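# Examination of the molecular architecture
Residue strings, one per chain:
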Amino acid sequence: MKHEFLSPGSVSYDDPAVERAMETIDGLRLSEQRALLRNSYRAALAFERTNDVDHLVAFAKNLLATVHLRGIPAYAEALRNTSGSAESGESLDVEEVLNRLVE
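Source: prediction; values computed, not measured. (Residues numbered from 1 in each chain as written. Predicted model: local features only at pLDDT ≥ 70, side-chain atom pairs only at ≥ 80, totals over all residues. Heavy atoms only, no water.)

### Digging into the overall build of the protein
For the protein, the helix and strand inventory stands at five helices and zero strands. Across the protein, the fraction of contacts at a sequence separation of at least 24, relative to all contacts at a separation of at least 6, is 25%. A total of about 8100 Å² of accessible surface is found on the protein, and carbon and sulfur atoms cover 56% of it. (Helix = DSSP H or I, 4+ residues; strand = E, 2+ residues; numbered from the N terminus. Contact = heavy atoms within 4.5 Å. Areas by Shrake-Rupley, 256 points an atom, 1.4 Å probe, with all protein chains shown as cover.)

### Some details on the layout of surface pockets
The calculated volume of the second largest pocket comes to roughly 450 Å³. For the second largest pocket, the lining is made up of 19 residues, of which Ala21, Ile25, Leu63, Leu64 and Val67 are closest to its centre. Here the lining of the second largest pocket is composed, by residue class, of 13 nonpolar, five polar and one charged. (1 Å grid on protein atoms, 1.4 Å probe; cavity = no way out; pocket = protein on both sides within 12 Å on 5 of 7 lines; lining within 4 Å. Points joined across faces, edges and corners; volume = space filled by probe spheres on them. Nonpolar A, V, L, I, M, F, W, Y, C, P; charged D, E, K, R; others polar.)

### Regarding the confidence of the model for the protein
Detailed reading of predicted coordinates is not advised where the pLDDT is low. For the protein, per-residue confidence averages 83 on the pLDDT scale, and residues scoring 70 or more make up 77% of the total. When mean pLDDT is compared element by element in the protein, helix 1 (residues 16-26) scores highest at 95, while helix 5 (residues 94-102) scores lowest at 60. (pLDDT = per-residue confidence, 0-100.)

### Focus on the pattern of salt bridges
Within this structure, the stated rule accounts for three salt bridges. Across the pair Arg29 and Glu32 runs a salt bridge whose closest N-O atoms are separated by 2.9 Å. With its nearest N and O atoms 3.1 Å apart, the salt bridge here joins Arg70 to Glu32. Residue Arg70 is found in helix 3 (residues 54-70), and its partner Glu32 is found in helix 2 (residues 30-50); the two are separated by 38 residues along the sequence. (Salt bridge = Lys/Arg side-chain N within 4 Å of Asp/Glu carboxyl O.)

### Observations concerning the nonpolar core
Ranked by size, the top nonpolar core spans five residues in total: Ala21, Ile25, Leu28, Leu36 and Val67. If we skip the residues at most four places from it in the chain, Leu28 touches Gln33, Leu36 and Arg70. (Core = buried A, V, L, I, M, F, W, Y, C linked by side-chain atoms within 4.5 Å. Buried < 20%, exposed > 50% of the residue type's maximum accessible area, 1.4 Å probe, protein only.)

What follows is the structure, given as structure tokens:
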């Protein structure tokens, strides 16, 4: 963006970390992208209803970790190859994913 007005400490729209995160998010399945948006909205709504910033802090930490891990090709591949399906609503076995990363 050419004319972006940011408050002190804000991150610019085209920050390299933001660009890398967007590339990672673009590579997610639609259902995974929707889950990120759903969780974003849930955190914002929880904050609005309670004024407890811990909802936003927990979400921010989770989002940063998720995008970071999904940006690691071996991790992303292990998730794609798991027998459980996130799209069907089943939980992925974290131990199985981590074991595949070690292989």
